[in-house]
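Coordinate inspection notes
Below are the chains, spelled out letter by letter.
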Protein chains: 2
Amino acid sequence: MALIVQKYGGTSVGTVERIEAVAEKVKGFRERGDDVVVVVSAMSGETNRLIGLAQEIQSPPTAREMDVLVSTGEQVTIALLCMALNKRGCPARSYTGSQVRILTDDAHTKARIRDIDDENIRRDLKAGRVVVVAGFQGVDEEGNITTLGRGGSDTTGVALAAALKADECQIYTDVDGVYTTDPRVVDSARRMDRITFEEMLEMASLGSKVLQIRAVEFAGKYKVPLRVLHSFQDGPGTLITIEDDSAVERPVISGIAFNRDEAKLTVLGVPDIPGVASRILGPVSEANVEVDMIVQNIGDDQTTDFTFTVHRNDYEKASEILQRVSAELGAKEVVGNNKIAKVSIVGVGMRSHAGVASKMFTALADDSINIQLISTSEIKISVIIAEKYLELAVRGLHSAFELDQADVVSEA
Amino acid sequence: MALIVQKYGGTSVGTVERIEAVAEKVKGFRERGDDVVVVVSAMSGETNRLIGLAQEIQSPPTAREMDVLVSTGEQVTIALLCMALNKRGCPARSYTGSQVRILTDDAHTKARIRDIDDENIRRDLKAGRVVVVAGFQGVDEEGNITTLGRGGSDTTGVALAAALKADECQIYTDVDGVYTTDPRVVDSARRMDRITFEEMLEMASLGSKVLQIRAVEFAGKYKVPLRVLHSFQDGPGTLITIEDDSAVERPVISGIAFNRDEAKLTVLGVPDIPGVASRILGPVSEANVEVDMIVQNIGDDQTTDFTFTVHRNDYEKASEILQRVSAELGAKEVVGNNKIAKVSIVGVGMRSHAGVASKMFTALADDSINIQLISTSEIKISVIIAEKYLELAVRGLHSAFELDQADVVSEA
């Protein structure tokens, strides 16, 4: 008998039929003797409908009232799910964020959880009830309704699991786990049984949209075992957990992430003097353009080349800023490219294995793919290549690191 | 400068455009220097949509969860109205029933208000804010969301006005006041400037659906001046207030109410022995059939005739029960009629004026309308007539009591 927190997203509760299916699933866990706390999102489409109403009236809408408005979405779902559970002879009780008391700061529309009162939930679990909690929302110290920002229901699930010291936090989605890479690109992409929090963070931030980054960070910080599962298909999913040194040796590379959302900008012939990086990136950041990779090549003489990537939507904006900055700095030229893609290999195993990078570069060279930019972290190596080579690169790397072979330690 | 509580129903806030119009109206009061607390219902159609979702899942739905579900309707409206006010430079803050704290008992879906904490509202009013409160909902001592039952937003408005000792509680509707009778039946029906709580109660319970009976009772009990106004047309509306003896003499009759929703049942030849009324009505009430008028004629010999009216929808059910009861009692026969209508004249003035009844009966006789049943209270006389004579009767009485002539004391 375990204590399990389960989170079902908007698609999983998008219709009355799906809410019934979720109730059926939860009932199964109860019958096996588990205590279950369920966190749900708004029915899919509902949050957008509410935001639409708000935008018809006020743009941008008052943040406090926006939270009052959109928090109704999850409130509808918790009530309906409890009805579906009660109908099945499975006693259930719903809680809004305020009723639980999920205490947050007062940053409306992007609040952070400060504390969770677990008294009511524990009392209900003890009484044999399923507890159904509205995701994505909380309450500040003044009693104002707050929301954690979109996708925050994952965070609610993890935070509840941490507060209740749950045995597992299960995130139900429309995929059956975390894959070594996108199965739409690589046929032999394989569901991983396990992945570490650090790897998952790198995978998530690199475009594997299975889990919200904040939820993964939170789970890692509080050591909450996190499992990604399919809402309506049976299977073990993928367990995201802390690195276990006692376990069998892990593969060097766990997965391959990629995205096509970036664009690359280079200022050529920048005077190689201190402070030049901040004089280039300062104005970019002031314009609210987020920068991802940053690479500065050592110059041959008194100049250097400075390259960074931004979201493709910000490409024009960033280019204009750079033209101005470049002139001020006396740089030679600004060049850019928005037909690029980023490919990253991720794995905690690379920490202790030499040669991972060269194996990656060799694999790409074997397919005649030119590397435009390289950036590395302790458990990740990212390269920028021409967008047209993306699929070729991912498939080649997936094969080179033998990711299609489960539980085999790759040779680096 | 007055403190005004305004209540807008579902139709008045049924679209984004109408919410904007309400905001414009509220802003006008603020500009005249009034403090305003606004109570709103769910956007029209929303409550039914939510009930529909619930009924797809569970029938009847768990009452506690039903309240969690439907209370979201008003929560959406308070947020949108605050946005519309804020946009107009009119600072506003929304409150759910739980946030105000409108404390109720725990009778889910039909809770009654026990206490209202006015601290937050007073603080906001003092800070120059409009306070927007979700109608129809509250919270019990355990923190569970409760609702006051459908139409309960009027009650919320009146209860808030009482708690805040407001100068007036304004109920905005789709009519511009309370009329002497239904203008669709009598062309010369006239909006009343004033009506007493007692008269309004009789008018309301007799089918003038302008206000919820509970709200009028509440307003009368706490002496809250209540005004019925049109949401989108200017005008003084009708003030519902306590009787003011010092004022000019009131007309004998204030208005004429009627309804076609009733059916009449008579048990003929009932043995005239003690306890017979309860033996007839007991089984009817046990079947959850509500009885309106009850008349027992004094019998000539050892038998009596017992007549009562029920809602037309309950006619068949009540007939079947009576057939059974009649046999047990050894009564002669059960007869019934569901093509009847009830017409009532209402007025506090009739207390001190003799001859009102005979004037009513004379007016009906002049139109050759046969009276099937008569029932009286201190400020009301109701008759049952054949449904086909309804319009004729109402028009005749409206003219006989000179209701088309404002502020003229009728001679009884």
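Starting from 1, residues in each chain are numbered consecutively following that chain's sequence as written. Going through the entries in the order they are written, you letter the chains from A and number the ligands from 1. This being a predicted model, a pLDDT of at least 70 is required before a residue's local features are given, and a value of 80 or more before pairs of side-chain atoms are given or counted; all residues contribute to the totals for chains, interfaces and linings.

Considering the relation of the copies chain B and chain A
Selection rule: Alignment of copies: least-squares fit on C-alpha atoms of residues with pLDDT of at least 70 in both copies. Here, residues touch in the contact sense if the C-beta positions derived from the backbone fall within 7 Å of one another.
By a simple turn and slide, chain B fits onto chain A: the slide is 0.0 Å along the axis, the RMSD is 0.1 Å, and the turn is 180 degrees. Taken together, the rotation angle and the small translation identify this as a two-fold axis. Using C-alpha coordinates, one finds that chain B approaches the rotation axis most closely at T72 of chain B, a distance of 2.7 Å. Both copies contact each other with a shared surface, as 100% of the interface residues of chain B are interface residues in chain A too.

Side note on the interface of chain B and chain A
Spelled out, the test is: A run of H or I in DSSP counts as a helix once it spans at least four residues, and a run of E counts as a strand once it spans at least two, with each numbered from the N terminus. Only Asp, Glu, Lys and Arg are considered charged, only Ala, Val, Leu, Ile, Met, Phe, Trp, Tyr, Cys and Pro nonpolar, and every remaining residue, Gly among them, polar.
At the junction of the two partners, chain B supplies 28 residues and chain A supplies 28 residues. For the side of chain B that touches chain A, the secondary-structure elements that each account for two or more residues are α1 (16–31), α2 (46–57) and α3 (63–87) of chain B. Along the lines of polarity and charge, the residues of the side of chain B that touches chain A split into 16 nonpolar, eight polar and four charged.

Some remarks on the confidence of the model for chain A
Residues and elements named next belong to chain A. Quick reminder of the rule: For every residue, the predictor assigns a confidence score, pLDDT, that lies between 0 and 100.
Taken residue by residue, chain A gives an average pLDDT of 90. The fraction at 70 or more is 94%. Scored below 50 in pLDDT, residues 408–412 shows 15 contacts in the model against residues more than four places distant or in partner chains. Across the predicted assembly, pTM comes out at 0.83 and ipTM at 0.82.

Topic: the sheet that holds strand β6 (residues 130–134) of chain A
All names here are of chain A. Counted only if it meets this: We treat two strands as partners when DSSP finds at least two bridges between them. Orientation is described by axes fitted as lines to C-alpha atoms, over the contacting stretch for helices, and by angles from 0 to 180 degrees between their N-to-C directions.
Strand order in the open sheet made by the eight strands is β3-β6-β2-β1-β9-β11-β12-β10, with mixed pairing throughout. Both outer strands of the open sheet, β3 (92–95) and β10 (194–196), are each paired with one neighbouring strand and no more. On average, each strand axis in the sheet is tilted by 20 degrees relative to the strand beside it, whichever way the strands run. Direction of pairing for strand β9 (residues 168–173) relative to strand β11 (residues 226–230): parallel, over a ladder of five bridges. Bridging across to β11, Y172 finds its partner in L229. Packed onto the sheet, helix α5 (residues 119–126) meets β2 (35–40), β3 and β6 and runs at close to 150 degrees relative to β6. Strand contacts of helix α6 (residues 153–163): β1 (3–8), β2, β6, β9 and β11, with the helix running at about 175 degrees to β1, the strand carrying the most contacts.

Focus on unusual backbone geometry
Residue and element names in this part refer to chain A. For the bond running from S59 to P60, omega is -5 degrees, close enough to zero to count as cis. With respect to the helices, strands and loops of the structure, P60 is situated in the loop between α2 (46–57) and α3 (63–87). For S368, which is not a glycine, the phi torsion comes out positive at approximately 60 degrees. By the secondary structure assignment, S368 is in the loop between α11 (356–366) and β19 (373–377).

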